[in-house]
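Structural overview for review
Below, each chain spelled out in residue letters.
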Amino acid sequence: MSKPAVLIVDDEPDLCELLTITLQRMDRDPRTAGNIAAAQRLLKTETFDLCLTDMRLPDGDGLALVEWIGRNAPNVPVAVITAHGNMETAVRALKLGAFDFVSKPLDLAGLRKLVASALKLALNTDGDTAVLGPRLLGTSASMQALREMIARVARSQAPVHIFGESGTGKELVAKLIHESGPRRDAPFVPVNCGAIPTELMESELFGHKRGSFTGATADKKGLIQAAEGGTLFLDEIADLPLHMQVKLLRVIQEKAVRPVGEAREVPIDVRILSATHKNLVQAVAEGKFREDLFYRVNVIELRVPSLRERLEDIMELAEAILRRLGRRMKIAPPALAPDALGALKSYAFPGNVRELENILERAITLSTSGAIHSGDIQLRPTPASAAAHGGETQHGAALGDHLEDIERDAIVKALEQTRFNKTAAAKVLGMSFRALRYRIKKLGIE
């Protein structure tokens with residue numbers, strides 16, 4: 001197994017030698033570059049796990065290299081070496097995407113910790129930019145700011161509350177925080193607080209001892225303990241009943257959990273992330289959410305923007321979704337025609353990215369030309385547009401039903417034509433067997 005490679009960018013031979021020796025003793029493979037141009041050439045042709053760059057270089061500013069790496073080699077974490085006490089430069093570097101900084105004169109013990117942390121923080125992405133994959137897509141200012149916040153909070157162990165509308169990707173943000181931090185090799189356990197029946201919630205979260213209640217035939221580890229060493233993601237935390245809010249507050253304060261039927265508390269090491277589409281401040285004011293718990297889970301608040309706030313990202317998102325759906329259905333992903341893109345950009349997306357995915361999944365099925373046009377896209381009228389068009393909501397719903405009927409009739413006709421041979425019917429319809437089977441199930445065709 002090859003050693004992790006570290007690129008040192010500095011024009012001072014003594015400092016390069018010191019860093020090289022330090023990294024070799026840590027069993028790392030150091031390479032050096034004396035300026036930005038040389039560093040860029042190496043980054044284009046070789047793979048690095050970390051880059052350490054000085055701020056003052058012969059052909060420019062170290063911040064320029066940080067920015068370049070963020071655009072061209074985003075999986076390589078960058079640490080900057082700043083002059084002593086120059087915090088303003090360090091902060092600017094962090095905002096541009098540097099994960100950390102170290103000041104001159106170098107503290108070698110601190111440098112070793114920085115290198116070890118950086119190698120844990122590096123995201124092992126495979127280049128796939130699927131929406132539900134390991135990366136957030138979008139070049140809009142709001143998404144760039146969100147990525148910067150994720151990178152910053154990932155290094156902390158403080159509780160983070162993620163706020164955003166349904167369908168914006170709050171769980172993906174939580175996963176990125178987990179995968180970007182030092183707990184990445186430990187479990188990430190998502191829990192939908194609104195999906196667990198109230199009477200089972202304590203047992204599900206905290207676990208139970210055998211015989212503690214009817215049906216408890218064996219000891220069971222709860223979801224909190226299942227996240228030991230890693231991250232517990234409490235989705236829709238606003239739906240937690242008040243009596244469970246009290247118990248969760250104690251878990252956070254004491255860093256311990258007591259399974260149902262257990263006499264003593266069990267210590268835990270878990271980072272808490274939470275999310276909701278509801279307004280927690282309003283819930284506190286209405287007495288539906290405990291104020292003390294609010295301050296415990298909301299140490300850092302991170303807002304995920306809605307899709308209508310970043311319509312410029314739709315093209316990139318749509319192309320990634322179509323590629324992923326094509327792989328799943330084993331078909332070539334259709335192109336998105338300009339008229340279809342225009343229709344999507346004029347839509348409000350009340351269901352956000354999740355709704356965009358559903359729209360495109362249906363459009364793939366309806367498309368027959370190898371490209372998706374506006375006629376293949378079904379957009380539900382928003383309340384505002386329905387009012388402007390005299391109650392068009394019902395017509396929109398009727399259109400959706402009508403298109404489903406057309407699709408169902410076409411599939412049934414192809415099945416009858418091929419004596420219900422699904423493989424042959426898929427060829428007649430110009431889709432893969434897997435895609436046909438999926439549509440048959442989704443449309444309820446017997």
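In this text the structure is predicted, and so the values were computed from the model without any measurement. (Residues numbered from 1 in each chain as written. Predicted model: local features only at pLDDT ≥ 70, side-chain atom pairs only at ≥ 80, totals over all residues. Heavy atoms only, no water.)

1. Brief notes about the pairing of strand β15 (residues 271–276)
Note the cut-off: Only protein chains enter the calculation, and the probe is 1.4 Å; a residue is then buried if its accessible area is under 20% of its type maximum, exposed if over 50%, and partly exposed in between. Segments assigned H or I by DSSP are reported as helices when at least four residues long, segments assigned E as strands when at least two residues long, and all are numbered from the N terminus. A pair of strands counts as paired when DSSP detects no fewer than two bridges linking them.
Taking burial as the measure, the six residues of β15 include six buried ones, the bulk of the element. What you see with β15 is no split at all: Arg271, Leu273 and Ala275 on one side and Ile272, Ser274 and Thr276 on the other are buried throughout. Here strand β8 (residues 160–163) pairs with β15 via four bridges, running parallel. Its bridge partner lying in β15, isoleucine 162 is registered against alanine 275.

2. Things to note about the pattern of salt bridges
The following threshold applies: Any Lys or Arg side-chain nitrogen located within 4 Å of an Asp or Glu carboxyl oxygen qualifies as a salt bridge.
A complete count under the given rule lists 16 salt bridges for this structure. A salt bridge links arginine 183 to aspartate 269, with the nearest nitrogen and oxygen atoms 2.8 Å apart. With arginine 183 in the loop between α7 (170–179) and β9 (188–192) and aspartate 269 in the loop between β14 (266–267) and β15, the pair connects residues that are 86 residues apart, well separated along the chain. For arginine 183, a relative accessible area of 14% translates into the label buried. The closest approach of N and O atoms between glutamate 361 and arginine 328, which form a salt bridge, is 3.0 Å.

3. Re the packing of aromatic side chains
For the record, the criterion: Here a pair means two rings of Phe, Tyr or Trp (six-membered ring of Trp) with centres within 6.5 Å. Their orientation is stacked below 30 degrees between planes, edge-to-face above 60, and tilted elsewhere.
Applying the stated criterion across every chain yields a total of three aromatic pairs. A ring pair is formed by phenylalanine 188 and phenylalanine 233, whose centres lie 6.1 Å apart and whose planes are at 20 degrees; its orientation type is stacked. With phenylalanine 188 in strand β9 and phenylalanine 233 in strand β12 (residues 231–235), this pair connects stretches of sequence that are 45 residues apart. When sorted by exposure, phenylalanine 188 lands in the same class as phenylalanine 233, which is buried. Between phenylalanine 294 and tyrosine 295, the ring centres sit 5.3 Å apart and the planes meet at 70 degrees, which makes this aromatic pair edge-to-face.

4. Side note on the environment of leucine 23
We apply this condition: Residues are treated as being in contact if the distance between any of their heavy atoms lies within 4.5 Å.
Mapped onto the fold, leucine 23 is located in helix α1 (residues 13–25). For leucine 23, a relative accessible area of 0% corresponds to the buried category. Taking the C-alpha atoms as reference points, leucine 23 and proline 4, 19 residues apart in sequence, are found 9.9 Å from one another. Not counting the four nearest positions on each side in its chain, leucine 23 is found in contact with Val6, Ile8, Arg28, Pro30, Leu52 and Val115.

5. A word on unusual backbone geometry
The phi dihedral of glutamate 236 is positive, around 50 degrees, even though this residue is not glycine. Among the structural elements, glutamate 236 can be located in the loop between β12 and α10 (242–254). If you check the backbone angles, asparagine 352 has positive phi at about 60 degrees while not being a glycine. Its location among the elements puts asparagine 352 in helix α15 (residues 352–366).

6. A short note on helix α6 (residues 141–154)
How we decide: One less than the residue count of a helix, multiplied by 1.5 Å, gives the span that helix is expected to have.
Over its 14 residues, α6 runs 20 Å from end to end, which matches the ideal 20 Å to within 8%, given 1.5 Å per residue. Among the structural elements, β8, α7, β15 and β16 (300–303) are those in contact with the buried residues of α6.

7. A word on a positive patch on the surface
Which entries qualify depends on this criterion: Only residues whose relative accessible area exceeds 30% and that form no salt bridge enter a patch; like-charged residues are grouped when within 9 Å of one another, and nonpolar side chains (Val, Leu, Ile, Met, Phe, Trp, Tyr) when within 5 Å. The Shrake-Rupley method, run with a 1.4 Å probe, gives the accessible areas here. Residue values count only the displayed protein chains as cover. Here Asp and Glu are counted as negative and Lys and Arg as positive; His is not counted, and neither are the chain ends. Think of each charge as sitting on NZ of Lys, CZ of Arg, CG of Asp or CD of Glu.
Taken together, Lys330, Lys422, Arg434, Arg437 and Lys441 make up a surface patch of like positive charges. For the positive patch, the element with the highest residue contribution is helix α19 (residues 433–443), accounting for three residues. Summarising the element assignment, arginine 434 is placed in helix α19. Assessed through its relative accessible area of 38%, arginine 434 is described here as partly exposed.

8. Quick notes on the nonpolar core
Definition in use: The term nonpolar core refers to a set of buried residues drawn from Ala, Val, Leu, Ile, Met, Phe, Trp, Tyr and Cys, joined through side-chain atoms within 4.5 Å.
If you look at the biggest cluster of nonpolar residues, it comprises 35 residues, and the most contacted ones within it are Leu336, Leu344, Phe349, Leu356, Leu360 and Ile372. For this core, the secondary structure elements donating two or more residues are α13 (314–329), α14 (338–345), α15, α17 (392–417), α18 (422–429) and α19. For this core, the element with the most residues is α13, which contributes eight residues. If we ignore the near neighbours within four places in the chain, the residues touching phenylalanine 349 are Leu307, Arg308, Ile314, Leu344, Glu355, Leu356 and Ile359. Val251, Ile268, Val270 and Phe289 belong to the second largest nonpolar core, which has 30 residues in total.

9. Side note on α7
Most of α7 is tucked away: seven of the 10 residues are buried. The secondary structure elements touched by the buried residues of α7 are α6, β8, β9, β12, β15 and β16.

10. Topic: the packing of α13 against α15
Applied cut-off: Note on geometry: axes are C-alpha line fits, over the in-contact stretch for helices, and angles between N-to-C directions span 0 to 180 degrees. Any angle that is under 35 degrees is reported as roughly parallel, and any over 145 degrees as roughly antiparallel; angles of 65 to 115 degrees are reported as roughly perpendicular and all others as oblique. A crossing counts as left-handed when the near helix is turned anticlockwise from the far one by less than a right angle, and as right-handed when that turn is clockwise. Gly falls in the polar group here, along with every residue not listed as nonpolar (Ala, Val, Leu, Ile, Met, Phe, Trp, Tyr, Cys, Pro) or charged (Asp, Glu, Lys, Arg).
Close contact between α13 and α15 brings their axes to 10 Å; oriented N to C, the two are set at 55 degrees. In this view, α13 runs oblique relative to α15, as classed from their interaxial angle. Two packed elements cross with a definite hand, and for α13 against α15 that hand is right-handed. For the pair formed by α13 and α15, the contact residues are Leu317, Ala318, Ile321, Leu322, Arg324, Leu325, Arg328 and Met329 on the first element and Val353, Leu356, Glu357, Leu360, Glu361 and Ile364 on the second. Across the contact of α13 with α15, the residue classes tally to 10 nonpolar, no polar and four charged.

Functional significance is not addressed by these values, which are geometric in nature.
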